[in-house]
Amino acid sequence: QVQLVESGGGLVQPGGSLTLSCAASGSVGSINIMGWYRQALGKQREMVAVITTSGTTNVADSVKGRFTISRDNPGNTVYLQMNSLKPEDTAVYYCKLAQYSTDYWGKGTLVTVSS
């Protein structure tokens, strides 16, 4: 089993920045994909950004140029640096780790962008 714990959410004004962190523990394999997904109220969950253990990334067009995903492999931690935040970025952000055909999810952290 893998456990994921997210942190860093909160309230921020439009144009502001936040950094989310997700620490994985338990049976974390040497090859996996970690990433961030988000779900706004009344909408489906969507991919924000993912990163492989080798550092290959995929970032959604809606956040490209504003959000950056990175990871610390020894620490099994993934980060999401979010800049130039917009009200439409308001959502619960979930961390996911995928390995051996199994997806593990964190409980989510709320990001609210509002003045």
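Relevant structure appears above.
Rules of the game
Residues numbered from 1 in each chain as written. Predicted model: local features only at pLDDT ≥ 70, side-chain atom pairs only at ≥ 80, totals over all residues. Heavy atoms only, no water. Disulfide = S-S within 2.5 Å. Helix = DSSP H or I, 4+ residues; strand = E, 2+ residues; numbered from the N terminus. Buried < 20%, exposed > 50% of the residue type's maximum accessible area, 1.4 Å probe, protein only. Pairing = 2+ DSSP bridges. Core = buried A, V, L, I, M, F, W, Y, C linked by side-chain atoms within 4.5 Å.

K.L.:
Explain the state of the cysteines to me, and be specific about the residues and the numbers.
P.N.:
All told, the structure shown has one disulfide when counted by the stated rule. The side chain of Cys-22 participates in a disulfide bridge whose partner is Cys-95; the two sulfur atoms lie 2.1 Å from each other. Negative torsions about the S-S bond denote left-handed disulfides, and the value of about -80 degrees found for Cys-22 with Cys-95 makes this one left-handed. Here the residue Cys-22 occupies a position in strand E3 (residues 18-26), and Cys-95 occupies one in strand E9 (residues 91-99), the gap between them amounting to 73 residues. By relative accessible area, Cys-22 is classed as buried at 0%. Residue class for Cys-95 comes out buried when judged on its relative accessible area of 0%.

K.L.:
Talk me through the pairing of E9; I want residue IDs and the actual numbers.
P.N.:
Of all nine residues that make up E9, eight are buried, and the element is covered over most of its length. As judged from the seven bridges shared by strand E4 (residues 33-39) and E9, these two strands associate in the antiparallel manner. Residue pairing in the sheet places Met-34 in a bridge with Leu-97 of E9. Summarising the sheet, E9 and strand E11 (residues 109-113) pair through three bridges and their orientation is antiparallel. Bridge assignment links Ala-91 to a residue of E11, and that residue is Val-111. Direction of pairing for E9 relative to strand E10 (residues 102-105): antiparallel, over a ladder of four bridges.

K.L.:
Which residues make up the nonpolar core, and what values do they have?
P.N.:
Within the largest apolar cluster, 28 residues are counted, with the highest numbers of intra-cluster contacts made by Leu-4, Trp-36, Leu-80, Met-82 and Tyr-93. Listing elements by their share of this core, those giving two or more residues are strand E1 (2-7), E3, E4, strand E5 (46-52), strand E7 (67-72), strand E8 (77-82), E9 and E11.

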